[in-house]
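Examining the three-dimensional arrangement
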Amino acid sequence: MLLPTLALPPIHAKCMEIEGKWKIFDKIRKKYIVLTPEEWVRQHLLCYLTDHLHYPPGLIRVEMPLKTLTRQRRSDLVIYDATGSVHMIAECKKPSVKLNIRVLQQAMHYYQALKAPYVAITNGMNILCIDMRDKSHISDSVPPYVGAL
């Protein structure tokens, strides 16, 4: 399977073909997951958060079910702080999906349910992170983990 080089730091992924499908090992869920372009981005973001920004893996939930105003959904990543409060929501898209208002609206549905201080969206080529406490602050990077946050 040919996957694109992303703008996120490279990862040392454990990939293998299982039952005719390529899968990647998810160190948070501790199992192999079907390797789609979106999953490729999610795994890069997970490694970026844990290996480069020092977020503890135990504070990250992947594809967490939640109920929004309109229906049941799954947030790609929900990152907690050391007190158990939601710190950040991250929505991952495959590299060919442009980060546009539709992607942001999807992430905002999760924000409405969880009220995280940070909302991030990425397609692996770009990251946009909004500090929801100061909506005028939009960054092209995710804040590093700082202990108890």
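Residues numbered from 1 in each chain as written. Predicted model: local features only at pLDDT ≥ 70, side-chain atom pairs only at ≥ 80, totals over all residues. Heavy atoms only, no water.

This paragraph deals with the nonpolar core. Membership of the largest hydrophobic core comes to 45 residues, with the highest contact counts inside it found for Leu45, Leu49, Tyr55, Ile60, Leu77, Met88 and Val142. Among the secondary structure elements, those contributing two or more residues to this core are helix 1 (37–52), strand 4 (60–67), strand 5 (72–80), strand 6 (86–92), helix 2 (101–114), strand 7 (118–122) and strand 8 (127–131). Examining the composition of this core, we find that seven residues originate from one element, helix 1, more than from any other. (Core = buried A, V, L, I, M, F, W, Y, C linked by side-chain atoms within 4.5 Å. Buried < 20%, exposed > 50% of the residue type's maximum accessible area, 1.4 Å probe, protein only. Helix = DSSP H or I, 4+ residues; strand = E, 2+ residues; numbered from the N terminus.)

Structurally, the position occupied by Asn126 is in the loop between strand 7 and strand 8. Accessibility expressed as a relative area gives 46% for Asn126, which makes it partly exposed. Along the chain, Asn126 and Pro95 lie 31 residues apart, while their C-alpha atoms are 8.8 Å from each other. Ignoring sequence-local partners within four residues, the contact set of Asn126 consists of Leu99 and Ile121. (Contact = heavy atoms within 4.5 Å.)

Here the focus is the sheet that holds strand 4. Strand order across the open sheet formed by six strands is 4-5-6-7-8-9, with mixed pairing between neighbours. Both edges of this open sheet fall to strand 4 and strand 9 (138–139), since each of them pairs with a single strand only. Each of strand 4, strand 5, strand 6, strand 7 and strand 8 touches helix 1; the most contacted strand, strand 5, lies at about 25 degrees to it. Its contacts with the sheet put helix 2 on strand 4, strand 5, strand 6, strand 7 and strand 8, and the angle it makes with strand 6 is roughly 155 degrees. (Pairing = 2+ DSSP bridges. Axes fitted to C-alpha atoms, helices over the stretch in contact; angles between N-to-C directions.)

Turning next to the pattern of salt bridges. Taken as a whole, this structure holds ten salt bridges when the rule is applied. Note that Arg42 and Glu63 form a salt bridge whose closest N and O atoms lie 3.2 Å from each other. Taken as a pair, Arg42 in helix 1 and Glu63 in strand 4 lie far apart in primary sequence, 21 residues in all. Arg42 gets classed as buried once you look at its relative accessible area, which sits at 3%. Accessibility expressed as a relative area gives 28% for Glu63, which makes it partly exposed. With its nearest N and O atoms 2.4 Å apart, the salt bridge here joins Arg42 to Asp76. With Arg42 in helix 1 and Asp76 in strand 5, the pair connects residues that are 34 residues apart, well separated along the chain. The pair Arg42 / Asp76 is uniform in exposure class, with both members buried. One continuous salt-bridge network, built from bridges that share partners, spans Asp26, Arg29, Glu38, Glu39, Arg42, Glu63 and Asp76. (Salt bridge = Lys/Arg side-chain N within 4 Å of Asp/Glu carboxyl O.)

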